[in-house]
Amino acid sequence: MKTFITWTDELSVGIEEIDEQHKVLVGMINRMHDAISQRHGSEVVEGILNELAEYTRIHFAVEESLMRILNFPGYEEHHDLHEELTQQIVELQKKIAAGKHAIGFELMHFLKVWLSKHIMEEDMQYSGFFLAAGANPQLGKRSWVKRLWSSIHG
């Protein structure tokens, strides 16, 4: 099976904790693509979308907490983007749950563009600021969000 989104250094913000969280999002989108490609039931794909929505909220909370702690000047704009993206996912969830939106490659295209565009255009704006403010670019151990997510979702 061909990978839908391949993680590359181009997607890296240079802060391993955040990159690891982005990789989880990429993995979820790839799982959804595989499920659609292999014609798994809509319940399977809807479950992955719900998981993606939940993880995205956690990830956005981490980014925004760092922005507030480090006094990032673009916090308000970035927060508004997160709110907009979260709302788009909620709307997709509602449409899919109501049977008004096909779960298919249109959804996958949206997710791929959303993830890559958000990381490469928006998240890159805080990367240098975080590093200059003393953010550690390397993890000493496995991502704490990954550990938390694994403990909740196995």
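Our subject is the structure listed above.
So, here's what we can say about the structure. Computed from a prediction, not measured in an experiment: that's the story for all the values here.

The rules we used
- Residues numbered from 1 in each chain as written.
- Predicted model: local features only at pLDDT ≥ 70, side-chain atom pairs only at ≥ 80, totals over all residues.
- Heavy atoms only, no water.
- Helix = DSSP H or I, 4+ residues; strand = E, 2+ residues; numbered from the N terminus.
- Buried < 20%, exposed > 50% of the residue type's maximum accessible area, 1.4 Å probe, protein only.
- Salt bridge = Lys/Arg side-chain N within 4 Å of Asp/Glu carboxyl O.

With that settled, consider the environment of D123. By secondary structure assignment, the location of D123 is in helix α4 (residues 105–132). The buried category is assigned to D123, whose relative accessible area is 0%. Taking the C-alpha atoms as reference points, D123 and E63, separated by 60 residues in sequence, lie 9.0 Å from one another.

Our focus in this paragraph is the pattern of salt bridges. A full pass over the atoms with the stated rule returns four salt bridges. Taking the shortest distance from any N to any O, the salt bridge between E91 and K94 comes out at 3.8 Å. Of this pair, E91 and K94 both sit in helix α3 (residues 75–97), three residues apart, which is roughly one turn of the helix. With its nearest N and O atoms 3.1 Å apart, the salt bridge here joins E121 to K117. Of this pair, E121 and K117 both sit in helix α4, four residues apart, which is roughly one turn of the helix. For K117, a relative accessible area of 43% gives the class partly exposed.

This part is about the environment of E76. Relative to the helices and strands, E76 resides in helix α3. For E76, a relative accessible area of 49% gives the class partly exposed. For the pair E76 and E64, spaced twelve residues apart in sequence, the C-alpha to C-alpha distance is 9.2 Å.

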